[in-house]
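Summary of structural features
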Amino acid sequence: MEEARTTGPSTPFVTPQVARFNEPITLKCGAVLGQYELVYETYGTLNSERSNAVLVCHALNAAHHVAGVYAGDPDNVGWWDNMIGPGKPVDTDRFFVIGVNNLGGCHGSTGPKSINIATGRPWGAQFPVVTVEDWVNSQARLADRLGIRQFAAVMGGSLGAMQSLQWTISYPERLRHALVIACAPNLSAQNIAFNEIARQAIITDPDFHDGNYYEHGVTPRRGLRVARMVGHVTYLSDDEMADKFGRQLKHGRLSYSFDVEFQIESYLRYQADKFAEYFDANTYLRITKVLDYFDPAFECGGNLTLALAPAKASYLVISFTTDWRFSPERSREIVTALLDNRRDVTYAEIDAPHGHDAFLLDDERYHRLVAAYFERIAQETAHE
Amino acid sequence: MNNATGIQRSDFAAIAEWVKPGKRVLDLGCGDGTLLNYLKQQRSIIGYGIEIDDARILACVRNGVNVIQGDLERGLSDFADNSFDYVILSQTLQAMKNSERIIKEMLRVGLEGIVTFPNFGYWKNRVQFARGHMPVSDNLPYQWFDTPNVHLCTIADFERFCRERGIRIVERKVLTNGATVSVWPNFLGSLAVYHFGS
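Residues numbered from 1 in each chain as written. Chains lettered and ligands numbered in written order. Predicted model: local features only at pLDDT ≥ 70, side-chain atom pairs only at ≥ 80, totals over all residues. Heavy atoms only, no water.

1. Observations concerning the overall build of chain A
Along chain A, the regular secondary structure elements total 10 helices and 14 strands. Against the 2.2 N^0.38 benchmark of 21 Å for 384 residues, chain A shows a C-alpha radius of gyration of 21 Å, consistent with a compact globule. With the C-alpha coordinates of chain A rotated into their principal frame, the extents come out at 70 × 50 × 50 Å. Residues classed as buried in chain A amount to 58% of the 384 residues present. Nonlocal contacts in chain A, meaning residues at least 24 apart in sequence, comprise 71% of its contacts between residues at least 6 apart. About 15,600 Å² of surface is accessible on chain A, with carbon and sulfur atoms providing 52% of the total. Side chains of chain A give 35 positive and 47 negative charges; the mean places of these two sets differ by 2 Å. (Helix = DSSP H or I, 4+ residues; strand = E, 2+ residues; numbered from the N terminus. Rg over C-alpha atoms; globule rule 2.2 N^0.38 Å. Buried < 20%, exposed > 50% of the residue type's maximum accessible area, 1.4 Å probe, protein only. Contact = heavy atoms within 4.5 Å. Areas by Shrake-Rupley, 256 points an atom, 1.4 Å probe, with all protein chains shown as cover. Lys, Arg positive; Asp, Glu negative; His and termini not counted. Charge placed at Lys NZ, Arg CZ, Asp CG, Glu CD.)

Here is the structure:
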């Protein structure tokens, strides 16, 4: 068993680490993983009271590389580097930040493309369907490993925010603050529909081979491309697309063919190609299911207030006005349920033009708010 | 929506006198959270504010106050019936487009309401008006062309409003320069503070 490292430099250079777990974990679907690995990165230094740890949960296509760069690879910048780092809103000179690739992922943690030691072959289709609860449970084990009994905060945007919300329900004593950004208490029928289109694109790709494409030496690239295109469109706002692309032509004139005519088509194809290069289709399928299944109120007869009753954390909930995938109304449902439970909660609706993706972008009002909230957490942490 | 300048903080003390310790308070248009922090210190309340302005939301976070960003003109639909002990509207009533609806909403969400507003019937206002000008004062620091105040009223107006709608006035405090006014309040008082219930 590898000794987990609990300190790291607050310089931008980071190194991924691996935590191996030999205690079986029972997943919500009933399957049991006998052993598994989680890849993670840390930034900053855990203080002697172990009270300044912040867990950052990733959304659909990101992973453990949250901030900074790897030595010798200056272009691979962490996906939330504008938010997390020395002197940034989540200041790694004060907080010990952890990024982790979730179970079922394709960036090093145990997932469909990992070798199943029982068969000696990649898990492929046999890898179980995971849920937000499973992810949170596995993250809690990583926290145990790192000696963190209670996080100062757990934070995330989108699917990452669902994890931070679930943390407050599953482990109410183990975090003081939850940052729930661009979130929804569950997916709407429209959200599920987009996910199903993405899945069908992958599953019906002849190269999918029922999920066991690794042994055929192919990947369902075409399906994955379409899946990414559909997803990507839902992360942007109509206005943002109009601003960025409008009806601009790729070659300055129409060619009356099925080649790329408009800039938006070129952009989508480029994004899709890039994505299909590095992302695993089986992971994509599972992550869309993670989203679909997330519904903490489900087991409480649809009552979110009841579902959040165990929570003890204080919350910062943030939504973005042009986010039509997880609209501000959905965040307000969370806020109402928190108010019903008399939790400490601050809710801000950022007027940003960028749609769902706004949570990843550098918006001054948004970042100042997060910075102010972490300042508050730092003061509390210092007073304990 | 508290006025950044010219605010008369004397209403805070009156409000704190009425609010019982440990109760749940919702402050509509909470500004930078000063009143909620004051009530937290004085009365150990559990407080939340509603505020529309980004900069004031940020100030609330810096001041450690729970704040929900929202537009009071859209009502309080995120808040359940009787979910607060007190709903406060401090120096904001006169700037609301729909003053009647917000008072009704206060009594739906809260068991009791507390409202403060500049008394338009204050003698200094009457003098300025008699001289042919719209009043400008500490409590009404705006010129006619830049004022956010669209529904100014007098003490007599507000009490008639409550009477006609069956709103029970629990307590009233009228202030001028921080001192309590007991005679001719509608003439001598510049700021009115009301505690009411349904």
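2. Points about the overall build of chain B
Helix and strand content of chain B: seven helices and eight strands. Radius of gyration (C-alpha) of chain B: 16 Å, near the 16 Å computed for a compact globule of 198 residues. Its C-alpha atoms give chain B principal-axis dimensions of about 45 × 35 × 30 Å. For chain B, buried positions account for 53% of its 198 residues. Long-range contacts, defined here as pairs at least 24 residues apart, represent 67% of the contacts in chain B between residues at least 6 apart. Counting only carbon and sulfur atoms, one obtains 51% of the accessible surface of chain B, whose full area is about 8,900 Å². One finds the centroid of the 22 positive side-chain charges in chain B at a distance of 4 Å from the centroid of its 21 negative side-chain charges.

3. Observations regarding the nonpolar core
Residues and elements named next belong to chain A. Core analysis: the biggest nonpolar cluster contains 169 residues, and Trp80 and Tyr315 have the highest contact counts within it. Per-element accounting of this core gives the leading share, eight residues, to helix H10 (residues 364-383). With residues near it in sequence (within four places) discarded, Trp80 still touches Val56, Val66, Met155, Gly156, Gly157, Ile181, Phe359, Leu360 and Tyr366. Residues Leu236, Met241, Ile264 and Tyr267 belong to the second largest nonpolar core, which totals five residues. (Core = buried A, V, L, I, M, F, W, Y, C linked by side-chain atoms within 4.5 Å.)

4. What about the pattern of salt bridges?
All names here are of chain A. What the rule picks out here adds up to 30 salt bridges over all chains. Measuring nitrogen to oxygen at the nearest pair gives 3.2 Å for the salt bridge that ties Lys28 to Glu299. Linking Lys28 in the loop between strand S2 (25-26) and strand S3 (32-33) with Glu299 in the loop between helix H7 (281-293) and helix H8 (304-307), this pair joins segments that are 271 residues apart in sequence. Assessed through its relative accessible area of 44%, Lys28 is described here as partly exposed. (Salt bridge = Lys/Arg side-chain N within 4 Å of Asp/Glu carboxyl O.)

5. Things to note about the interface of chain B and chain A
Between chain B and chain A, the contact holds 18 residues from the first and 19 residues from the second. Each partner contributes to the roughly 1,700 Å² buried at the junction of chain B and chain A, and carbon and sulfur atoms together form 53% of this total. Of all residues in chain B, Val61, Gln69 and Asp78 of chain B give up the largest surface area on contact with chain A, accounting jointly for 30% of the area buried on that side. The interface formed by chain B and chain A contains two salt bridges. A salt bridge links Arg365 of chain A to Asp54 of chain B; the nearest nitrogen and oxygen atoms lie 3.8 Å apart. Run the count over chain B and chain A and you get 11 residue pairs in polar contact (both at pLDDT 80 or more). Mapped onto the side of chain B that touches chain A, the elements with two or more residues apiece are helix H3 (54-62) and strand S3 (67-69) of chain B. Here the element with the most residues in the side of chain B that touches chain A is H3 of chain B; it accounts for six residues. (Buried area = accessible area lost by both parts, 1.4 Å probe. Polar contact = N/O pair within 3.5 Å; in protein donor to acceptor, adjacent residues only side chain to side chain.)

6. Quick word on the pairing of strand S2 (residues 46-51) of chain B
All names here are of chain B. In terms of burial, S2 is a largely internal element, five of the six residues being buried. In this structure, strand S1 (residues 24-28) lies alongside S2, joined through five bridges in parallel fashion. When the bridges of S2 are listed, Asp27 appears paired with Gly49. Running through helix H2 (residues 34-43), the crossover from S1 to the neighbouring parallel element S2 is right-handed. Bridging between S2 and S3 involves three bridges; their strand directions are parallel. Bridge assignment links Gly49 to a residue of S3, and that residue is Val67. In terms of handedness, the path from S2 via H3 over to S3 forms a crossover that is right-handed. (Pairing = 2+ DSSP bridges. Right-handed = clockwise from strand over helix to strand, strands pointing away.)

7. A few points about the environment of Ser314 of chain A
All names here are of chain A. As for its position among the elements, Ser314 is in strand S13 (residues 314-320). Using a relative accessible area of 14% as the deciding quantity, one classes Ser314 as buried. If we ignore the near neighbours within four places in the chain, the residues touching Ser314 are Arg176, His177, Ala178, Asp344 and Tyr373.

8. Side note on the packing of aromatic side chains
All names here are of chain A. On inspection of all chains with the given rule, the structure shows 27 aromatic pairs over all chains. With centroids separated by 5.2 Å and ring planes inclined at 80°, the aromatic side chains of Phe95 and Phe374 adopt a geometry described as edge-to-face. In this pair, Phe95 is assigned in the loop between strand S7 (90-91) and strand S8 (96-100) and Phe374 in helix H10, connecting sequence segments 279 residues apart. A relative accessible area of 2% means that Phe95 is categorised as buried. A residue is classified by how much of its surface remains accessible, and Phe374, at 1% relative accessible area, is buried. (Phe/Tyr/Trp six-rings, centres within 6.5 Å; stacked < 30°, edge-to-face > 60°.)

9. Here's the deal with unusual backbone geometry
Backbone geometry follows two general trends: most residues other than glycine have a negative phi, and most peptide bonds adopt the trans configuration. Residues and elements named next belong to chain A. Here Arg50, not a glycine, exhibits a phi torsion of approximately 55°, which is positive. The residue Arg50 is located in the loop between strand S4 (36-43) and strand S5 (53-57) in this model. Residues other than glycine seldom take positive phi values, yet Arg342 does so here, at roughly 60°. Take Arg342: it is sitting in the loop between helix H9 (328-340) and strand S14 (345-350). Look at Arg342 and you get partly exposed, because its relative accessible area is 48%.

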